[in-house]
Amino acid sequence: MSSNIIEVDVLIIGAGISGIGTAFHLQKHCPDKSYAIIEARGAVGGTWDLFRYPGIRSDSDMFTFGFNFKPWLSPKSISPGADIKAYISDAVDENGIREQIVFEHKVLAANWDSASAKWHTRVENVKTGECREYSSRFFFSCAGYYNYEKGYTPDFAGVEDFTGNIIHPQNWPEELDYAGKKVIVIGSGATAVTLVPALAKTSAHVTMLQRSPSYVLARPGQDAAANFMRHYLPNKVAYSLSRWKNILLGMLFYRMAKRRPDTIKKVIRAEIVSALGEDYPVDKHFKPSYQPWDQRLCLVPDGDLFSAIKNGSASVVTDHIERFTATGVKLRSGEELAADIIVTATGLSLEVLGSYALSVDNKAFKAANSYCYKGMMLSGLPNFAFVVGYTNASWTLKSDLVGEYMCRLINYMDKNQYDYCVPVIPKGGIPAEPLMDFSSSYVLRSLDKMPRQGKSKPWKLYQNYILDKMSLGYKSVVDDSLVFSSIRSELPTKPIKKIS
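Quick caveat: nothing in here was measured; it's all calculated off a predicted structure.

Cut-off values and rules
- Residues numbered from 1 in each chain as written.
- Predicted model: local features only at pLDDT ≥ 70, side-chain atom pairs only at ≥ 80, totals over all residues.
- Heavy atoms only, no water.
- Buried < 20%, exposed > 50% of the residue type's maximum accessible area, 1.4 Å probe, protein only.
- Helix = DSSP H or I, 4+ residues; strand = E, 2+ residues; numbered from the N terminus.
- Arc of directions from axis to C-beta.
- Contact = heavy atoms within 4.5 Å.
- Polar contact = N/O pair within 3.5 Å; in protein donor to acceptor, adjacent residues only side chain to side chain.
- Axes fitted to C-alpha atoms, helices over the stretch in contact; angles between N-to-C directions.
- Parallel < 35°, antiparallel > 145°, perpendicular 65-115°, else oblique.
- Nonpolar A, V, L, I, M, F, W, Y, C, P; charged D, E, K, R; others polar.
- Left-handed = near helix turned anticlockwise from the far one by under 90°.
- 1 Å grid on protein atoms, 1.4 Å probe; cavity = no way out; pocket = protein on both sides within 12 Å on 5 of 7 lines; lining within 4 Å.
- Points joined across faces, edges and corners; volume = space filled by probe spheres on them.
- Expected span 1.5 Å × (residues − 1).
- Salt bridge = Lys/Arg side-chain N within 4 Å of Asp/Glu carboxyl O.
- Pairing = 2+ DSSP bridges.
- Right-handed = clockwise from strand over helix to strand, strands pointing away.

A. Region of interest: helix α6 (residues 224-232). When α6 is considered as a whole, its buried residues turn out to be A226, N227, M229 and R230. Each buried residue of α6 sits inside an arc of 160 degrees when the element is viewed along its axis, so together they form one side. Among the exposed residues of α6, those oriented more than 90 degrees off its buried face are A224, F228, H231 and Y232. Against the buried residues of α6 lie α3 (62-65) and α7 (235-259). For α6, the N-terminal cap is D223; the gap from its side-chain oxygen to the backbone nitrogen of A225 is 3.2 Å.

B. Representation of the packing of helix α11 (residues 395-415) against helix α13 (residues 465-473) in the model. Here α11 crosses α13 at 10 degrees, and the two axes come no closer than 9 Å. By the angle between their directions, the pair α11 and α13 is classed as roughly parallel. Residues L397, K398, L401, Y405 and R408 of α11 lie in contact with α13, whose contacting residues are Y465, D468, K469, S471, L472 and G473. Its residues assigned to classes, the contact of α11 with α13 shows 5 nonpolar, 2 polar and 4 charged.

C. Main features of the packing of α6 against α7. Between α6 and α7, the least distance of the axes is 8 Å, while the angle of their chain directions is 160 degrees. The angle between α6 and α7 places the two elements in the roughly antiparallel class. Between α6 and α7 the crossing geometry is right-handed. Every residue of α7 that contacts α6 at A225, A226, M229 and R230 is listed here: N235, A238, L241, S242 and K245. A per-class count over the contact of α6 with α7 returns 5 nonpolar, 2 polar and 2 charged.

D. Inspection of empty space enclosed by the protein at higher detail. Evaluation of the coordinates by the stated rule reveals 2 cavities of 30 Å³ or more. If you add up the space inside the largest cavity, you get close to 50 Å³. Forming the walls of the largest cavity are V10, T22, L26, F138, F139, F140, F384, A385, G403, M406, C407 and I410. Elements that contribute at least two residues to the lining of the largest cavity include exactly α1 (17-29), β6 (131-141), β21 (384-386) and α11. Residue composition of the lining of the largest cavity, grouped by class: 10 nonpolar, 2 polar and no charged. Lining the second largest cavity, in full, are F63, P71, W72, L73, A226, R230, N235, A238, Y239 and S242. At the level of elements, α6 and α7 are the ones that each hand at least two residues to the lining of the second largest cavity. Take the lining of the second largest cavity: its biggest share by element is 4 residues, from α7.

E. The layout of surface pockets, seen in detail. By volume, the second largest pocket is sized at about 1,100 Å³. If you go around the second largest pocket, you meet 44 residues; those closest to its centre are G250, M251, Y254, W293 and N392. At 11 residues, the largest contribution of residues to the lining of the second largest pocket is made by α7. For the lining of the second largest pocket, the per-class residue count stands at 20 nonpolar, 13 polar and 11 charged.

F. The arrangement of α11 in detail. Helix length check: α11, at 21 residues, gives a terminal C-alpha distance of 31 Å against a target of 30 Å (1.5 Å per residue), a fit within 8%. By the criterion of burial, α11 is predominantly enclosed, with 15 of the 21 residues buried.

G. Quick look at unusual backbone geometry. Cis geometry marks the peptide bond from K457 to P458, where omega comes out at 5 degrees. By the secondary structure assignment, P458 is in the loop between β24 (452-453) and α13. Phi at D302 takes a positive value of approximately 55 degrees, unusual for a residue other than glycine. Within the secondary structure, D302 is located in the loop between β11 (298-301) and α10 (304-310). Take D302: its relative accessible area is 59%, and that puts it in the exposed class. With phi around 65 degrees, N362 is a residue other than glycine that occupies positive phi space.

H. Spotlight on the pattern of salt bridges. Overall, the coordinates contain 26 salt bridges when judged by the stated rule. The salt bridge partner of K182 is D340, with a shortest N-O separation of 4.0 Å. Of this pair, K182 sits in strand β8 (residues 182-186) while D340 sits in the loop between β15 (336-338) and β16 (341-344), and the two are 158 residues apart along the sequence. A residue is classified by how much of its surface remains accessible, and K182, at 37% relative accessible area, is partly exposed. Put simply, K455 and E433 hold a salt bridge, and the shortest N to O gap is 2.9 Å. Linking K455 in the loop between β24 and α13 with E433 in strand β23 (residues 433-434), this pair joins segments that are 22 residues apart in sequence. Among the ionic contacts, a cluster of salt bridges with common partners joins R41, D49, R52, K85 and E174.

I. Molecular detail of the pairing of strand β2 (residues 35-39). Of all the 5 residues making up β2, 5 are buried; the element is thus mostly covered by neighbouring parts of the structure. The alternating pattern of β2 places Y35, I37 and E39 on one face and A36 and I38 on the opposite face, and all of these are buried. Inspection of the sheet shows strand β1 (residues 5-13) paired to β2 by 4 bridges, in the parallel sense. By the bridge assignment for β2, L11 is matched with A36. In the classification by handedness, the crossover that spans β1, the intervening α1 and the parallel β2 is right-handed.

Distances and angles like these do not, on their own, reveal function.
See below:
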């Protein structure tokens, strides 16, 4: 083995909330396993280190977004991004994880070598361009689900004519001064509804320009029940109870939205009318054409977006953009909106498995040709796992389950002296469905690049925490779709079936 090759048992990609959670679970459940975390940025936090736009905050409550092993102690349930980054950083230092993180390095390519039953991963120093290689038994992708280099911006006509600043929230400049300026925020999703009230505090006026509305739901910025329990109960007990309370309430709301969408639409509309008044054109600006939870709902803590609209510091315009002009945006209706700054809160560019190349025995692996096993592994890809959180609940709920499951899998393989395992689809194949049953534009743009799912378990993603808790947390790791094997000839092996 070359001295330039670094050997670890598990290579984790990304030091965001998924990667740090995985590291903790490895240390707890597989204490004899070595690992390294490869992080392209110079700090932990992932999304919460990348995004720096005004008002950045969680879009779900922190009692479910927080780790299952570290209580969230702040009174804020919907939390600012800086607090979340500090929480992740504290988890890193409290558990001795920082020493295992290789900062400012990015993965270029990873190849599975069947002869050695190892992953060989080429990693580049982003500052010097120097490369090094890691050899690992397992490869765990915790790189999130979108491109960190750039977000998505449509090709707007006349962009070159605009004389002000055009900014995507993913690349927010620290020096930007928007005080006293007229700002247009293009978009209607979670980023837009976060930006508008934050910018409205000091700008001359903020216009949220949307092509079509989203469901927007006000929620208290603090969880009174959680804060009450923490006052009288030990932190871990109060956190666990608050977490389960919010998990069950979230699941109930989601089920109601799917079974009785008209009832939920009436509830959401009534709240907005109560906040903005009977005279406000609620149906024009806050009545989507789709059903609740066909796309993710936008949460606004303490109704801050509605407060900004009501006090006149912000407004909503629902129309289509014809083109940018020198001084703003001309709409299809003929109206022109003046602006000094235009913010394109128009979405993300999805990358489910990061920007690196995957291969098996030096043959390129295309994720779009594979099927997702238990929402965390891919058919035909040995000793590999990845994390994609729930679309209808907090990301961390799923990432914690995946991290704990992988530890159970590793321990099972050690006990039975297996070198690798690989999900294999049935010989006759299975009907394919899109990985995400979601109508959001950022998802639809990238479906052709994503793995597929099947119609039933273990190839189906149910978007249900309790079902996953049972499946990933308690059921045996052994089933007919997961093939285990060894490269050691003296051991009995279960040969890998031909991938359909």
